[in-house]
Amino acid sequence: MINKNFFAALKDLEKEKGISKQIFIEALENALISACKKQYAGLVGTVEIKINEDKESIDFYSVKTVVEEVADFENEISLEAAREIKKSYKLGDKVSEKIVPKDFSRIAAQTAKQVILQKLRETERDRAMDEFSDKEGELIVGIIRKIDAKNVYIEIGKGQVDGLMMPSDQVPGETYNINDRIKVFVKRVKSGYRSAQVLVSRAAPGLVKKLFEEEVPEIKQGTVQIKEISREAGARTKIAIYSEDERVDAIGACVGNKGARVNAIVEELKGEKIDIIPWSENPLEFIAKALSPAKVISVTQLDGEKTAMAVVPDDKLSLAIGKDGQNARLAVRLTGWKIDVKSQSAAAKLGIGVEELSEEDETEE
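Described in the following lines is the structure provided in the data block. These figures come from a predicted structure and were not determined experimentally. (Residues numbered from 1 in each chain as written. Predicted model: local features only at pLDDT ≥ 70, side-chain atom pairs only at ≥ 80, totals over all residues. Heavy atoms only, no water.)

1. What to know about the nonpolar core
- Counting residues in hydrophobic clusters, the biggest one holds 22 residues, and the most contacted among them are F212, I239, I241, I274 and I276.
- Those elements that place two or more of their residues in this core are helix 5 (205-215), strand 10 (224-232), strand 11 (236-243), helix 7 (250-255), helix 8 (260-268) and strand 12 (273-278).
- Apart from the residues lying within four places of it in its own chain, the contact partners of I239 are F212, I226, E228, I229, I274, D275, I276 and I277. (Core = buried A, V, L, I, M, F, W, Y, C linked by side-chain atoms within 4.5 Å. Buried < 20%, exposed > 50% of the residue type's maximum accessible area, 1.4 Å probe, protein only. Helix = DSSP H or I, 4+ residues; strand = E, 2+ residues; numbered from the N terminus. Contact = heavy atoms within 4.5 Å.)

Shown next, in the form of structure tokens:
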């Protein structure tokens, strides 16, 4: 029914994949019982299977309960009939009779194949979940193995799992090539029916955060903290930082000697601009800094929750707003405030008095 090659294959799988053949055998027992009962519905009752690895054999048994009077011919046998098989049987005993299902070889072979494939998928999925479940939010290096019309598939871990980078997680302007080594951010690990799915990203703000943690020891040690990040992948990132130690210059730590640290990150991001912003617990001061590289004259809170007006010199308005509004948009995301950017002359026409920020609060150009 299932030849010796089947048992040899189980031994090979145990060696190659490190999966106990007992896992396959237990699954196969259940699958064959189900297939047998489906194929011979009404002809056999409870079915048991005995798989003998030493003899490399699989035997089927029909199991019936000994009763006084038979009401269920499929699952019961009379005491008289049972004692014809074995005189010691008594009421309530289980009688097992070996059966040889006719024409079952093809079904059994197909079932065995399906069970092995399913168990392989399940085991590899579970291993992937074990390996990557604690890597969400981490940075990993992989090799691009496949690119289709939309997605990029990246070999990660021990080569058993592909990271999936969907279009929304790809960076506009970046080129992806087969066999390229690439750093990606693990967004989420989820279990599917067939396999574990590891969703990775090059566009997530978390990628920039992890790159700074790699390049800046003070961040990894906790002396310098990353408070907020806003990003438009491929174009610009704003990152707000803060030093727990007054003796440590947070911006200097992130920039590095002659810009070495930040330049390494910019290179990894293929030239994406990075604004390193000193975080402030004063939201109006933070807004002024967030509009870097523009100089901000004043920031005033307006009516309404988290709404402010930032006034900039007339010749810095376009810089403060940025191309297609990008700079102001990133500042809004970074601070969590709605920001109305006005030129100094426009503010004057509205009758708004402008009280300049002190020199230490001005954002450097």
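On we go.
2. Thoughts on the sheet that holds strand 14 (residues 307-312)
- What the three strands build is an open sheet, ordered 13-14-15; its pairing is mixed. Edge positions in the sheet fall to strand 13 (298-301) and strand 15 (338-343), since each has one partner strand and no second. Put simply, the sheet's adjacent strands are angled 25 degrees from each other on average, direction ignored.
- Taken together, the six bridges between strand 14 and strand 15 define a ladder with parallel strand orientation. Bridged to V311 within strand 15 is K342.
- With respect to the sheet, helix 9 (residues 283-290) is in contact with strand 13, strand 14 and strand 15, its orientation differing from that of strand 13 by roughly 135 degrees. (Pairing = 2+ DSSP bridges. Axes fitted to C-alpha atoms, helices over the stretch in contact; angles between N-to-C directions.)

3. Considerations on the packing of aromatic side chains
- Under the counting rule described, the total for this entry stands at one aromatic pair.
- A ring pair is formed by Y242 and W279, whose centres lie 5.5 Å apart and whose planes are at 80 degrees; its orientation type is edge-to-face. Linking Y242 in strand 11 with W279 in the loop between strand 12 and helix 9, this pair joins segments that are 37 residues apart in sequence.
- Its relative accessible area of 32% is what places Y242 among the partly exposed residues.
- Looking at W279, the relative accessible area reads 26%, which means it is partly exposed.
- In this arrangement the basic side chain of K50 is found over the ring face of Y61, its NZ or CZ atom lying 5.0 Å from the centre.
- One cation-aromatic arrangement involves K86 over Y89; the distance from NZ or CZ to the ring centre is 5.9 Å. (Phe/Tyr/Trp six-rings, centres within 6.5 Å; stacked < 30°, edge-to-face > 60°. Lys NZ or Arg CZ within 6 Å of the ring centre and 35° of its normal.)

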